[in-house]
Amino acid sequence: MRLDKFLKVSRIIKRRTVANQACDTEHVEVNGRRAKASYDVKVGDEIAVTYGERTLKFKVLDIREHVAKADAASMYEIISE
């Protein structure tokens, strides 16, 4: 699954276009490297998303195309905020 779509489906970022822009402006890292929106997310990847002064780091646990809002948090594990 594409990185921008994963960020939207897991509800880390609300809209896919915003997720795409975050990747384009280098606010998203995967396994310590800047990642483009087209990056193919795999289980076990560690993703860091920077929101201004705050950085959210999490590990991918599951990849699903569609997920209910209540189950979205089960797709990742937060490492640090």
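Residues numbered from 1 in each chain as written. Predicted model: local features only at pLDDT ≥ 70, side-chain atom pairs only at ≥ 80, totals over all residues. Heavy atoms only, no water.

Visitor: Explain the environment of Met-1 here, please?
Guide: Assignment of secondary structure puts Met-1 in the segment before helix 1 (3-9). C-alpha separation for the pair Met-1 and Gly-32, spaced 31 residues apart in sequence, amounts to 19 Å. The residues contacting Met-1, other than those within four sequence positions of it, are Phe-6, Tyr-39, Asp-40, Val-41, Ile-63, Arg-64 and Glu-65. (Helix = DSSP H or I, 4+ residues; strand = E, 2+ residues; numbered from the N terminus. Contact = heavy atoms within 4.5 Å.)

Visitor: What is the right way to read the sheet that holds strand 2 (residues 33-34) from this model?
Guide: The strands making up a sheet associate through backbone hydrogen bonding, with each pair oriented either parallel or antiparallel. The sheet built from five strands is open, its strands ordered 2-1-3-4-5 with antiparallel pairing. The sheet is open, and its two borders are formed by strand 2 and strand 5 (76-80), each paired with just one other strand. By the bridge criterion, three bridges tie strand 1 (residues 28-30) to strand 3 (residues 46-51) in an arrangement that is antiparallel. When the sheet's bridge partners are listed, Val-30 is paired in strand 3 with Ile-47. (Pairing = 2+ DSSP bridges.)

Visitor: How should I be thinking about a positive patch on the surface in this particular structure?
Guide: Taken together, the side chains of Lys-8, Arg-11, Lys-14, Arg-15 and Lys-69 make up a positively charged region of the molecular surface. For Arg-11, the position within the fold is in the loop between helix 1 and helix 2 (16-24). By relative accessible area, Arg-11 is classed as partly exposed at 44%. (Patch = residues over 30% accessible without salt bridge, like charges linked within 9 Å, V, L, I, M, F, W, Y side chains within 5 Å. Areas by Shrake-Rupley, 256 points an atom, 1.4 Å probe, with all protein chains shown as cover. Salt bridge = Lys/Arg side-chain N within 4 Å of Asp/Glu carboxyl O. Lys, Arg positive; Asp, Glu negative; His and termini not counted. Charge placed at Lys NZ, Arg CZ, Asp CG, Glu CD. Buried < 20%, exposed > 50% of the residue type's maximum accessible area, 1.4 Å probe, protein only.)

Visitor: How do you make sense of the nonpolar core when you look at a structure like this?
Guide: As a rule of thumb, nonpolar side chains are buried together in soluble globular proteins. Counting 24 residues, the largest nonpolar core has Leu-3, Leu-7, Ile-47 and Phe-58 as its most contacted members. Those elements giving two or more residues to this core turn out to be helix 1, helix 2, strand 1, strand 3 and strand 4 (54-60). Of all the elements, helix 1 adds the most residues to this core, at four residues. Beyond its immediate chain neighbours, meaning those up to four positions away, Leu-7 contacts Ile-12, Ile-13, Ala-19, Val-28, Val-49 and Phe-58. (Core = buried A, V, L, I, M, F, W, Y, C linked by side-chain atoms within 4.5 Å.)

Visitor: Whenever I open this one, the pairing of strand 4 confuses me. Can you help?
Guide: Taken residue by residue, a regular strand's side chains alternate between the two faces of the sheet. Bridge count between strand 3 and strand 4: six bridges; the pairing is antiparallel. Paired with Ala-48 across the bridge in strand 4 is Lys-57. Between strand 3 and strand 4, which pair antiparallel and follow one another directly, the connecting turn spans two residues, one of which, Gly-52, has a positive phi of 60 degrees. Bridge count between strand 4 and strand 5: four bridges; the pairing is antiparallel. Directly across from Val-60, in strand 5, lies its bridge partner Tyr-76.

Geometry only, nothing functional implied.
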